There are 2 protein chains.
Amino acid sequence: MEKDIINLTHGSGGREMKKLIASFNFGERGEWKDCDDDSATLDIGDNKTLVFTTDSFTVNPLFFPGGDIGHLAMCGTINDLTVMGAVPLGLSLAFVIEEGFSQKVLHRILDSIKNISKKTSIPIVTGDTKVMERGKIDKIVINTSGVGIVEKDQLLTKKIEVGDKVIISGGLGEHAVALLSKRFDYKTEIITDSKPLVEEMLAVRDLIKIAKDPTRGGIASILNELCGKHSIGIQLEEEKIPVKQEVSKVVEMLGIDVFQLACEGRFVCVAPPENAEEVEKKLKEFNPDASIIGEIIEDNKVIINTFLGKRILPDPTGRIVPRIC
Amino acid sequence: MEKDIINLTHGSGGREMKKLIASFNFGERGEWKDCDDDSATLDIGDNKTLVFTTDSFTVNPLFFPGGDIGHLAMCGTINDLTVMGAVPLGLSLAFVIEEGFSQKVLHRILDSIKNISKKTSIPIVTGDTKVMERGKIDKIVINTSGVGIVEKDQLLTKKIEVGDKVIISGGLGEHAVALLSKRFDYKTEIITDSKPLVEEMLAVRDLIKIAKDPTRGGIASILNELCGKHSIGIQLEEEKIPVKQEVSKVVEMLGIDVFQLACEGRFVCVAPPENAEEVEKKLKEFNPDASIIGEIIEDNKVIINTFLGKRILPDPTGRIVPRIC
């Protein structure tokens, strides 16, 4: 009977969620492509591709060091469009709110949303507001969907080859640690990494082949996904993977794997070897922790070279950290 | 203090909701138009307009005569694109599910979603699945967003004039009565009106000026909105407004106003007088209850000519019926 039940692992970004989603099988997708990617794409002629994505946000607590649910809802969807190479054109915003929720708090969340909209010049163009009875929903859930357009040859769905380099735009685990610090009332200097990635992406788009944002399931999830999808392997150098000292301390203390933690303002990209250093240099202008962390290999798995030897980085499984986004 | 609080009226489609949403004020919308309409629109060149919309569904109960939350989530968003004159290109689908929810029930909802997708040839192209802890959300909430494209001159945002006719595509109140019958365990033959309106719309699109689907707040809400937006009035003939006898009986018994009830498979459209009868005729092929119900007048309000004389149909206010969609 337990097999029939949805549990928290089904929302964690790990193997259980992928299996559930695979069971959905919606049938024909018409002319749409990349439906299992960060955004789906549709050729709309005139060398243009339409890019479309959606995400719901259930983060708990609503406010955390450096951000809040509104900030996250904006950045999450903007970044899902951005990592496809697209310039986001507009977002939708749908609230489901618990009866009794404070209008003042709602307006604080709205201010945060407006800030990102203004900063990125990406407008909120359509919306919806539903209210559920007290106790029927935990405070507020936000869905944002987004559309963007990209020139066909700038779409980041290019073919990866052995020898290509893997680059990350900043340190791992900061969003999760900021959130957990608030949940467990633990004092830390770390703030969420949640941020719109539009500028970083435009700076390197023409130099890279693909990009992914490591949200639920962290880089462990997206790198294993890449391996499966492109039939390649990835070799990482552990000492090159940027993790702030305080993040390391917290994850060690809590016994969680930093490679499985969701980032909300980072992307991992793959570039031909001749471009890798330039990509790293450009990304460092936005975040000094940006780094070339590994390369594409033949062997069909994610391997980390550590101080103690090689180890395999498996696709995450189990609960990881619930309601992180 | 109570003033600071979100309550069920803020989600009812009435005046309180409109006031709350007006307070959001997201600032610049760039080149997007119709942001307060069923879907926002963006000129993407080559005589094409992109149409984009979103909706969350919290309906209770999840299954009701003739439909379920999945059916509703598909039809709601398809229809919001359709009433703009657009052909829907693809939908997103985002689930927020309660821990402990039955996978079997989830797959029943998915089957319903797939059915509509297949029937309309509108694919689900991108999605998201979140799980919240037991007790933190009532079973399941679904968000669908959608994109469509329409030739610029087929966009249903044309200017309404005095003398134009108002036509409805079928009877009122059937969705609400089907839902309430299930909620109150009352036996009725009435099933939800929830259905995709693509075919009806394509049959009359070139004959009409605008269309709206009367969801939350019913025709009372959308007709008052039209009056405000176009600075016109509307005169309805009560005897022409199609309401099935059993629907009349139930709403009378419950003391609710059928004009305020959400329909999920109806649209109201405005056509030049010379096209009105042809529109009515074409719509009757899909639903014999389709009817010309009134006309555009100068006086800036919605007036109903009844058996007992004229009365004003006000913009709804208060709770109406919660969680109907």
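Residues numbered from 1 in each chain as written. Chains lettered and ligands numbered in written order. Predicted model: local features only at pLDDT ≥ 70, side-chain atom pairs only at ≥ 80, totals over all residues. Heavy atoms only, no water.

What follows concerns the overall build of chain A. Broken down by element type, chain A carries 8 helices and 14 strands. Scaling as 2.2 N^0.38, a compact globule of 325 residues should have a C-alpha radius of gyration of about 20 Å, and chain A matches this with 19 Å. Principal axes of the C-alpha set define a box for chain A whose edges measure 55 × 55 × 50 Å. Residues classed as buried in chain A amount to 63% of the 325 residues present. In chain A, 83% of the contacts between residues at least 6 apart in sequence involve partners at least 24 apart. Carbon together with sulfur atoms contributes 49% to the accessible area of chain A, which is approximately 12,800 Å² in total. One way to put it: in chain A the 41 positive side-chain charges average out to a point 4 Å from where the 50 negative ones average out. (Helix = DSSP H or I, 4+ residues; strand = E, 2+ residues; numbered from the N terminus. Rg over C-alpha atoms; globule rule 2.2 N^0.38 Å. Buried < 20%, exposed > 50% of the residue type's maximum accessible area, 1.4 Å probe, protein only. Contact = heavy atoms within 4.5 Å. Areas by Shrake-Rupley, 256 points an atom, 1.4 Å probe, with all protein chains shown as cover. Lys, Arg positive; Asp, Glu negative; His and termini not counted. Charge placed at Lys NZ, Arg CZ, Asp CG, Glu CD.)

Residue and element names in this part refer to chain A. Taken together, the side chains of Phe184, Met253 and Leu254 define a hydrophobic patch exposed on the protein surface, amounting to about 320 Å² of accessible area. Along the chain, Phe184 falls in the loop between α4 (174–183) and α5 (198–204). With relative accessibility at 53%, the residue Phe184 sits in the exposed group. (Patch = residues over 30% accessible without salt bridge, like charges linked within 9 Å, V, L, I, M, F, W, Y side chains within 5 Å. Salt bridge = Lys/Arg side-chain N within 4 Å of Asp/Glu carboxyl O.)

Residue and element names in this part refer to chain A. Burial within strand β13 (residues 302–306) is extensive, with 4 of its 5 residues counted as buried. Sheet topology places β13 next to strand β14 (residues 309–312); 4 bridges connect them, and they run antiparallel. Residue Ile304 lies in a different strand from β14, and its bridge partner there is Arg311. (Pairing = 2+ DSSP bridges.)

This part takes up the domain arrangement of chain A. Residues and elements named next belong to chain A. Segmentation of chain A into domains returns domain 1 (31–154) and domain 2 (165–312). A C-alpha centroid distance of 22 Å is found between domain 1 and domain 2. Both sides of the domain 1 and domain 2 interface together cover about 2,100 Å² of buried area, and 58% of this is carbon and sulfur. Of all residues in domain 1, Pro65, Asn79 and Val83 give up the largest surface area on contact with domain 2, accounting jointly for 25% of the area buried on that side. For Lys212, the salt bridge is made with Asp37, and the minimal N-O distance between the two is 3.0 Å. Across the domain 1-domain 2 interface, the total number found is 12 residue pairs in polar contact (both at pLDDT 80 or more). Put simply, the parts of the chain that give the side of domain 1 that touches domain 2 at least two residues each are β3 (63–64), α2 (69–82) and α3 (103–120). A per-element tally of the side of domain 1 that touches domain 2 places α2 first, with 8 residues. In terms of residue class, the side of domain 1 that touches domain 2 is made up of 13 nonpolar, 10 polar and 4 charged. (Domains from an automatic or database assignment. Buried area = accessible area lost by both parts, 1.4 Å probe. Polar contact = N/O pair within 3.5 Å; in protein donor to acceptor, adjacent residues only side chain to side chain. Nonpolar A, V, L, I, M, F, W, Y, C, P; charged D, E, K, R; others polar.)

Once that is clear, we can look at helix α8 (residues 273–286) of chain A. One turn of the α-helix equals 3.6 residues, which is why residues spaced by three or four share an orientation. Residues and elements named next belong to chain A. Listed as buried for α8 are Asn275, Ala276, Val279 and Leu283. Mapping the buried residues of α8 onto a view down its axis gives an arc of 115°, with all of them on the same face. Opposite the packed face of α8, turned more than 90 degrees from it, sit the exposed residues Glu274, Glu277, Lys281 and Glu285. Against the buried residues of α8 lie β8 (165–168), α5, β11 (268–271) and β12 (291–297). (Arc of directions from axis to C-beta.)

A word on the packing of α2 of chain A against α3 of chain A. Residues and elements named next belong to chain A. Put simply, α2 and α3 touch, their axes get as near as 7 Å, and they point 35° apart. With respect to the hand of their crossing, α2 and α3 are arranged in right-handed fashion. Contact residues: α2 offers Ile69, Gly70, His71, Met74, Cys75 and Ile78, while α3 offers Ile109, Ser112, Ile113, Ile116, Ser117 and Thr120. Residue composition of the contact of α2 with α3, grouped by class: 7 nonpolar, 5 polar and no charged. (Axes fitted to C-alpha atoms, helices over the stretch in contact; angles between N-to-C directions. Left-handed = near helix turned anticlockwise from the far one by under 90°.)

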